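# What the coordinates show
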Amino acid sequence: GESVGLHLPTLSVQEGDNSIINCAYSNSASDYFIWYKQESGKGPQFIIDIRSNMDKRQGQRVTVLLNKTVKHLSLQIAATQPGDSAVYFCAENQAGTALIFGKGTTLSVSS
Amino acid sequence: DGGITQSPKYLFRKEGQNVTLSCEQNLNHDAMYWYRQDPGQGLRLIYYSQIVNDFQKGDIAEGYSVSREKKESFPLTVTSAQKNPTAFYLCASSTQGKDTQYFGPGTRLTVL
């Protein structure tokens, strides 16, 4: 079946750097995408979302970019902090029933 | 406070026993979901419900059962037919199927 994937399972950055986490999706019919942050032993926490009629959306210190031509989604975190260390999942909603999740990227921030 | 609660946080079960995981939400969401997460893996959908008294199987429904008698509640039963039940179970809810899903804190089930 079609699924959402991620380019890198792990990403290590220094505190203060900008982080970019990438995600590729395979279904061109997907029209809604979400980024979640999951800390160890906790449930995923909503970060930011974007619909397919947009290319970019900004939140507090985070930006999501959507490139529908190459079916690529990215999450940019500005001035990364140790508290940003977690697993980040992208998810797509294809048919309006449930989300399809990628395997996640583990972000490690060192100070 | 509005939100999704799951209980218990940790659950231990002997082989051959059924166990029920609780999920309650006071967000007035119509849709609710159950996911399973294994170490280092993403989330896999077990069951979902878009309205009271109706639910649908997800990708890995075998060995699980659910009910949706109330809008606020969506309990998951892990039956003895589930071959590898040890996992982290996450419940989520959304206003509708196409909307953002919000997750509970999870229940970690261990089969002894």
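Check the entry above for the structure.
Residues numbered from 1 in each chain as written. Chains lettered and ligands numbered in written order. Predicted model: local features only at pLDDT ≥ 70, side-chain atom pairs only at ≥ 80, totals over all residues. Heavy atoms only, no water.

### Some remarks on the packing of aromatic side chains
Two descriptors summarise a pair of aromatic rings, namely the distance from one centre to the other and the angle between the planes of the rings. Evaluation of the coordinates by the stated rule reveals 12 aromatic pairs over all chains. Ring plane angle 75 degrees and centroid distance 6.0 Å describe the contact between Phe101(A) and Phe103(B), whose orientation is recorded as edge-to-face. In this pair, Phe101(A) is assigned in strand 10 (residues 100-101) and Phe103(B) in strand 10 (residues 102-103), connecting two distinct chains. Both residues of the pair, Phe101(A) and Phe103(B), count as buried. An angle of 45 degrees between the planes, with centres 5.6 Å apart, marks the rings of Tyr35(B) and Phe103(B) as tilted. A residue pair is termed long-range when its members are at least 10 positions apart, and Tyr35(B) in strand 4 (residues 31-37) and Phe103(B) in strand 10 qualify at 68 residues. With relative accessibility at 11%, the residue Phe103(B) sits in the buried group. Grouping aromatic residues by their ring pairs yields a cluster made of Tyr36(A), Phe89(A), Phe101(A), Tyr33(B), Tyr35(B), Tyr48(B) and Phe103(B). Positioned above the aromatic ring of Tyr32(A) is the side chain of Arg51(A), whose terminal nitrogen or guanidinium carbon lies 4.1 Å from the ring centre. Residue placement shows Arg68(B) over the ring face of Phe74(B); its charged tip is 6.0 Å from the ring centre. (Phe/Tyr/Trp six-rings, centres within 6.5 Å; stacked < 30°, edge-to-face > 60°. Helix = DSSP H or I, 4+ residues; strand = E, 2+ residues; numbered from the N terminus. Buried < 20%, exposed > 50% of the residue type's maximum accessible area, 1.4 Å probe, protein only. Lys NZ or Arg CZ within 6 Å of the ring centre and 35° of its normal.)

### Comments concerning the pairing of strand 11 (residues 107-111) of chain B
Residues and elements named next belong to chain B. Of the two faces of strand 11, only the one carrying Thr107, Leu109 and Val111 is buried; Arg108 and Thr110 on the other face are not. The sheet contact formed by strand 2 (residues 10-13) and strand 11 spans 4 bridges and is parallel. In the sheet register, Phe12 faces strand 11, and the bridge partner there is Thr110. For strand 9 (residues 87-94) and strand 11, the ladder comprises 3 bridges, and the chain directions are antiparallel. From the neighbouring strand, Phe88 faces strand 11, where its bridge partner is Arg108. (Pairing = 2+ DSSP bridges.)

### Examining the interface of chain A and chain B
Listed per partner, the contact involves 21 residues of chain A and 23 residues of chain B. Together, the buried faces of chain A and chain B total about 1600 Å²; carbon and sulfur atoms form 51% of this surface. Only strand 4 (32-38) and strand 5 (45-51) of chain A provide two or more residues apiece to the side of chain A that touches chain B. With 4 residues, the single largest contributor to the side of chain A that touches chain B is strand 4 of chain A. Residues that form the side of chain A that touches chain B fall into these classes: 9 nonpolar, 7 polar and 5 charged. (Contact = heavy atoms within 4.5 Å. Buried area = accessible area lost by both parts, 1.4 Å probe. Nonpolar A, V, L, I, M, F, W, Y, C, P; charged D, E, K, R; others polar.)

### A look at the sheet that holds strand 3 (residues 19-25) of chain B
Residue and element names in this part refer to chain B. Pairing is antiparallel in the open sheet, where 4 strands are placed in the order 1-3-8-7. In this open sheet, the two strands that pair with only one neighbour each are strand 1 (4-7) and strand 7 (64-66). Averaged over all adjacent pairs, the angle separating strand axes in this sheet is 20 degrees, with direction ignored. Relative to strand 8 (residues 76-78), strand 3 runs antiparallel, the two sharing 3 bridges. Within strand 8, the residue paired with Val19 across the bridge is Val78. (Axes fitted to C-alpha atoms, helices over the stretch in contact; angles between N-to-C directions.)

The quantities given are spatial measurements derived from coordinates; they are silent on function.
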